[in-house]
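A look at the structure
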Amino acid sequence: MSEKLDQDRVPSPVEYEADYHADDNHGPEPTEEDWQTCREVADKVPISAYLVIIIEFCERFTYYGLSGPFQNYIQNPAPPSYPAETAGALGRGQQTATALNTFFQFWGYITPIIGAIVADQYLGKYRTILLFASFYLVGLVILTATASPVAIANGAAFPGFIVGIIIVGLGTGGIKSNVSPLVAEQYQSKVPYVKTTEKGERVIVTPQATYQKIFNMFYWGINVGSLSAIATTEIEKNVGFWAAYLLPTLMFVIGIIAVVLGRKRYIQTPPRGSIFVEAGKLFYYSLKVKGGLEACKPSNLSIDHPDLAATATWDDVFVDELRRALRACVVFCWYPIYWLCYNQMTSNLVSQANTMWTGQVPPDILQNIDPLVLIIVIPIMDRLIYPGLRRIGFPMRPIFRITLGFIFAAVAMGYTAGIQAKIYSAADAGQPPISVAYQIPSYVFIALSEIFASITGLEYAYKKAPQSMKSIVMAIFLFTNCFAAILGFALVPVDVDPKLTWMYTGIACASGVCAILVYAFHHKNDDNDVADDAIGIRSNRQVDEYNRKQATIEYEAEKGEI
């Protein structure tokens, strides 16, 4: 809908109609010859999308600024005074610290399912973000208060930490599953079209290239926000953890203010209703009739099973949407191994840095190399590499990028295994600890893997999900991190010396194998990427038509006309 449309009232059918036909104002659709001769380019990004990116920046500033000090907070005992050479509070050791960090990741990636259900079935994305932001803020206050010196001295820090991360995890999960679909929804053009640039070149403006650009910008905002860990890890060392947690809490308040002030500008999709109930009944029916989901379309049931057709609460469009959602989710089955590699950055790599020579640098500040690399490389990819590849006819479709992501993750873990072996060799020879600078390539390779695997996963989850299931499919993509956390729990027994070299080696091999399997099983999806999105566009237009009719009914009812 129009960016100026007030989402707190029912839209008029005129407004809905204008937005429904927004694509009609673009140029002609490309012909087969155009696809062969013209390069793909991205469209302009709406202002409302930038507002959503600001919200995500504030939330990620809070999340990473908060979680960056967690490993030291849990692992090390409280120092006698500040500034301290090594910051700490709970003194529970590396295994407990890694286990609680892993639990926080697990919990923070299972709660998006809850947020998706609330958004898609009841409140919509905007109101769901506000609801879960309030939970988030309560958890932040608890964490900050119980990290004070008085609370630590009186034994309140550990129970406060557990309660705080549970509430914060619920809040961040509810926001995660909705903010990335919301940013993509701000772009309303659904079909590719041809335009002539100022230089006289005919190009094809495609949703695929535009969504790639939007999610690159979205992820760039995430990583600018994540640099907050630089500040909080310095504050933890020089002032204390209460101050380190206070900074992200204050930034989150600013984020909530941005959400409220921008409420009239966001384009939103209304909640559809009981998606899970209908999907459950649909799967149950598919077991009772031959032909699977296709046979469960009401148009088919009315012919072969009129008794079941009378009780069906869905339509043919919903069946097609559910099948598309399932196809999108199949690719995500490989992601737990990827996230297992990625999650080492905030847990075991921090502990590894504690065994190396760091000088005056806090050991947990090294993880910020990852977002720094992303902040530099993402604009280069978005403005130079991807357009350049599209110019020569190689648009780098999603599956190819995901495969590269897994390869870089494997390289990161393989290199880290080599560093761990070097640490052990230095210790056995009685030499001084090796420099923490050896860790830099590990973070660089992880950052490169994110560009191809993580950003593309967000893009793929949004593009391939049907209109009514954007949050649900996004939540399922995020949920794969829960399985990574479970794998992380399984590895806790080997998160100790002298087994760490083999742990990193095993994770590297697993990611390398997954890279091969991802490409082997799914590379054909790239060949059909544009055509598959076109099918989705037609389905989404049917949903838009349904929503337009519903808007007319609600508008007339509000005006007392029916």
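Residues numbered from 1 in each chain as written. Predicted model: local features only at pLDDT ≥ 70, side-chain atom pairs only at ≥ 80, totals over all residues. Heavy atoms only, no water.

Considering the overall build of the protein chain
For the protein chain, the helix and strand inventory stands at 25 helices and three strands. Restricting the contact set of the protein chain to residue pairs at least 6 apart, pairs at least 24 apart contribute 81%. Counting only carbon and sulfur atoms, one obtains 65% of the accessible surface of the protein chain, whose full area is about 22,900 Å². (Helix = DSSP H or I, 4+ residues; strand = E, 2+ residues; numbered from the N terminus. Contact = heavy atoms within 4.5 Å. Areas by Shrake-Rupley, 256 points an atom, 1.4 Å probe, with all protein chains shown as cover.)

Side note on empty space enclosed by the protein
Taken as a whole and judged by the stated rule, the model has ten cavities of 30 Å³ or more. Each pocket or cavity is described by its volume, and for the second largest cavity that value is around 250 Å³. Lining the second largest cavity we find 17 residues, and of these Arg-60, Tyr-109, Tyr-219, Ile-222 and Leu-478 sit closest to its centre. For the lining of the second largest cavity, the secondary structure elements donating two or more residues are helix H3 (47–67), helix H8 (157–185), helix H9 (207–226), helix H17 (335–343), helix H21 (440–464) and helix H22 (470–490). Partitioning the lining of the second largest cavity into residue classes produces eleven nonpolar, two polar and four charged. (1 Å grid on protein atoms, 1.4 Å probe; cavity = no way out; pocket = protein on both sides within 12 Å on 5 of 7 lines; lining within 4 Å. Points joined across faces, edges and corners; volume = space filled by probe spheres on them. Nonpolar A, V, L, I, M, F, W, Y, C, P; charged D, E, K, R; others polar.)

Thoughts on the packing of helix H5 (residues 93–123) against H8
Packing of H5 against H8 brings their axes to within 6 Å, and their N-to-C directions diverge by 40 degrees. On the basis of the axis angle, H5 is oblique to H8. The crossing of H5 and H8 is right-handed. Tallied by class, the residues present in the contact of H5 with H8 amount to 16 nonpolar, nine polar and one charged. (Axes fitted to C-alpha atoms, helices over the stretch in contact; angles between N-to-C directions. Parallel < 35°, antiparallel > 145°, perpendicular 65-115°, else oblique. Left-handed = near helix turned anticlockwise from the far one by under 90°.)

Concerning H17
The element H17 is largely enclosed, with a buried count of eight among its nine residues. For H17, the set of buried residues is Tyr-335, Pro-336, Tyr-338, Trp-339, Leu-340, Cys-341, Tyr-342 and Asn-343. Residues of H17 that are buried sit in contact with H3, H5, helix H20 (398–428), H21, H22 and helix H23 (500–522). (Buried < 20%, exposed > 50% of the residue type's maximum accessible area, 1.4 Å probe, protein only.)

Notes on the UniProt feature "transmembrane region" (unreviewed entry) in the protein chain
Here the UniProt-annotated "transmembrane region" (unreviewed entry) positions come out as residues 129–150, 156–175, 241–262, 398–420, 440–460, 472–494 and 500–521. With 95% helix and 0% strand, residues 241–262 has its two end C-alpha atoms placed 32 Å apart. As a span, residues 472–494 carries 83% helix and 0% strand, and end to end its C-alpha atoms are 35 Å apart. (UniProt positions renumbered as here; feature names shortened; annotations may be inferred.)

A short note on the environment of Cys-296
Structurally, the position occupied by Cys-296 is in the loop between helix H13 (292–295) and helix H14 (298–304). Among all residues touching Cys-296, those that are not within four sequence positions of it are Leu-282, Tyr-285, Ser-286, Val-289, Leu-301, Trp-314 and Val-319.

Description of unusual backbone geometry
In this structure, Pro-83 follows Tyr-82 across a cis peptide bond, with omega equal to 0 degrees. Mapping Pro-83 onto the fold places it in the loop between helix H4 (70–75) and H5. A positive phi angle, near 50 degrees, is found at Met-396, a position not held by glycine. Note on placement: Met-396 falls in the loop between helix H19 (369–391) and H20. Given the relative accessible area of 6%, Met-396 is considered buried.

Some thoughts on the pattern of salt bridges
Side chains that differ in charge, positive against negative, can pair when their charged atoms come close. Within the structure shown, the criterion is met by eleven salt bridges. Between Lys-297 and Glu-294 there is a salt bridge; the shortest N-O distance is 3.4 Å. On the accessibility criterion, Lys-297 (11% relative accessible area) is buried. Here Lys-463 ties to Glu-459 by a salt bridge, and the two come within 3.8 Å at their closest N and O atoms. Of the two residues, Lys-463 and Glu-459 are both situated in helix H21; the distance of four residues between them amounts to about one turn of the helix. As far as the burial class goes, Lys-463 and Glu-459 line up, both buried. Through salt bridges with shared partners, one network takes in Glu-294, Lys-297, Asp-320 and Arg-323. (Salt bridge = Lys/Arg side-chain N within 4 Å of Asp/Glu carboxyl O.)

Details of the side chain of Glu-236
Here Glu-236 is to be found in helix H10 (residues 228–238). Lys-237 provides the closest opposite charge to the buried, salt-bridge-free Glu-236, at an N-O distance of 8.6 Å. Here the side chain of Glu-236 touches Asn-72 through a polar contact of 3.2 Å, side chain to side chain. (Lys, Arg positive; Asp, Glu negative; His and termini not counted. Polar contact = N/O pair within 3.5 Å; in protein donor to acceptor, adjacent residues only side chain to side chain.)

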